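Letter by letter, the chains look like this.
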Amino acid sequence: MKKVIPILIIIAAMLASCGNQTQTADNSITIWTNFRVEASLLQEYAEIWSGISGIQANVINTSIEVQKFAQAANTADGPDGIFGIPNDQMATFVAANLAAVVPDDFDSDDDYVKASIQASYVDGKRYGVPIAVETISLFYNTDKVAIPPATWDELLIMAESGTGIKFDATSIYYNLGFVRAYGGYIFQWTDNAYDVYDIGVGNEGAILAYGYLMDMVERGLLSADITFDIARSAFENGETAFFIGGPWDVDAFNNVGLNFAVIPMPSINGRPFITPVGTQVGFVSAKSSKQDSVWDFYRFLIDEAMVDLYYTGSRIPALEKAQKELEMDANADGFLGQIEVGEPLPSVPELGHLWVPYTNNMRLMYSGQITPEEAGYYINEQLKESIAIMHEGK
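Residues numbered from 1 in each chain as written. Predicted model: local features only at pLDDT ≥ 70, side-chain atom pairs only at ≥ 80, totals over all residues. Heavy atoms only, no water.

Asks: With reference to specific residues and values, describe the sheet that holds strand 14 (residues 316-317).
Replies: Remark on secondary structure: sheet strands pair via backbone hydrogen bonds, oriented parallel or antiparallel. One open sheet holds the six strands; their spatial order is 2-1-3-13-6-14, and the pairing between them is mixed. Strands at the two margins of the open sheet, each flanked by one partner only, are strand 2 (56-61) and strand 14. The pairing of strand 6 (residues 129-134) with strand 14 spans two bridges and is classified as antiparallel. Opposite V133, over in strand 14, you have I316 as the bridge partner. (Pairing = 2+ DSSP bridges. Helix = DSSP H or I, 4+ residues; strand = E, 2+ residues; numbered from the N terminus.)

Asks: Give me the lowdown on the side chain of H391, citing residues and values where you can.
Replies: One can find H391 in helix 16 (residues 372-391). Judged by its relative accessible area of 18%, H391 is buried. Polar contacts involving the side chain of H391 include one to the side chain of Y197, which spans 2.6 Å. The contacts of H391, once residues within four sequence positions are left out, are V196, Y197 and E350. (Buried < 20%, exposed > 50% of the residue type's maximum accessible area, 1.4 Å probe, protein only. Polar contact = N/O pair within 3.5 Å; in protein donor to acceptor, adjacent residues only side chain to side chain. Contact = heavy atoms within 4.5 Å.)

Asks: So what's going on with the environment of A332? Residues and values would help.
Replies: Topologically, A332 is positioned in helix 14 (residues 330-339). A C-alpha to C-alpha distance of 8.3 Å links A332 and I316, two positions 16 residues apart in sequence.

Asks: I'd love a proper account of a negative patch on the surface, names of residues and values included.
Replies: A cluster of acidic residues, D110, D111, E320 and E340, forms a negative patch on the protein surface. Tracing the chain through its elements places E320 in helix 13 (residues 320-323). (Patch = residues over 30% accessible without salt bridge, like charges linked within 9 Å, V, L, I, M, F, W, Y side chains within 5 Å. Areas by Shrake-Rupley, 256 points an atom, 1.4 Å probe, with all protein chains shown as cover. Salt bridge = Lys/Arg side-chain N within 4 Å of Asp/Glu carboxyl O. Lys, Arg positive; Asp, Glu negative; His and termini not counted. Charge placed at Lys NZ, Arg CZ, Asp CG, Glu CD.)

Asks: Explain the nonpolar core to me, and be specific about the residues and the numbers.
Replies: F83, F139, F297 and Y298 are the most contacted members of the largest nonpolar core, which totals 59 residues. Within the second largest apolar cluster, 57 residues are counted, among which are V179, A209, M214 and L221. (Core = buried A, V, L, I, M, F, W, Y, C linked by side-chain atoms within 4.5 Å.)

Asks: Describe the side chain of Q338, naming the residues involved and giving the relevant values.
Replies: Looking at the element boundaries, Q338 is found in helix 14. Overall, the relative accessible area of 1% leaves Q338 in the buried class. A polar atom in the side chain of Q338 sits 3.0 Å from the side chain of T275. Those residues in contact with Q338 that lie beyond four places of it in its chain are T135, I136, S137, P264, M265, F273, I274 and T275.

Asks: Pulling in residues and values, what's your account of the sheet that holds strand 12 (residues 260-263)?
Replies: The strand order 8-11-7-12 describes an open sheet built from four strands, whose pairing is mixed. In this open sheet, the two strands that pair with only one neighbour each are strand 8 (165-166) and strand 12. Strand direction decides the pairing type here: strand 7 (residues 137-141) and strand 11 (residues 242-245), joined by four bridges, are antiparallel. Paired with F139 across the two strands is F243, which belongs to strand 11.

So this is what it looks like as structure tokens:
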């Protein structure tokens, strides 16, 4: 299904374009996007906006990296912004002084899913426009499970009795809910900013979470060698009844005829299971001399294109009013329910220093070489040391 573009917008664009037949480089903007499937749709909306504004807008799907963007942004026909990039990557552009702050009158934070707004802030300032959100949630085989579990304790009893569960429990991406449920965190979030010196992956709560995971190992449900691919294959082949995955997994399971459902994650320790909410955002280049035009174009896209982005590329809108316009299936509803209790991974470059030490120490713990207490200590200290090295000379 595709949203019908309001006829008044089309008519206005046609009338406006009659008086704007000649558009020069000085009267045009260029936007990069990492959206591949949706790039042509965004260009359709760009042409409509161009007809209304008299300013040509070109949307280009390309690989996006900081150095490439920085070099191109300094040229006359370089990018004026990016519409479609993960929020954790945006932080590197902010650190390189390549992103402009969102104008105060652009919109309201209350218009969006809470996690997507948090993902749009870096160091207390908002640089991102939330576009779409995604997260992981619980898949279960409906041929094997009649009534899904409401809590993780129930899930483990069912899995231990023969239904089984596999997921990549060496990654903080999948383990965040355990850590948060017992009082751990990655970096403390206060005043719309992350304090990268206040680290919570090795505190008392995090250690309790690692003990819970270690109990799963001792019950034969987890091991150090389970990767994402192994876990997905086991669910797809009917070996296990439970799997933790994202919207990107749905098509593969549908294609093999698997009977499954997606629901929000079961609670743990009496609390919601918080999963990472990934947010695709847009930002305007700090190097652009046409920032006002780009913000106007982004406002048009947010108001008009979000529903079509969902039907074209399964991008769940971060804009709450757009979500209400969607005709979602049950699986999408499951992810949306989980998004409501999720939170973003920190939008700071320091996050990149967590992945390796976290995974390495989880594997050592699962294989019995270190205790949960030691795992928490080593993760915390190795991350702290990496951040200190990163900040040397600043």
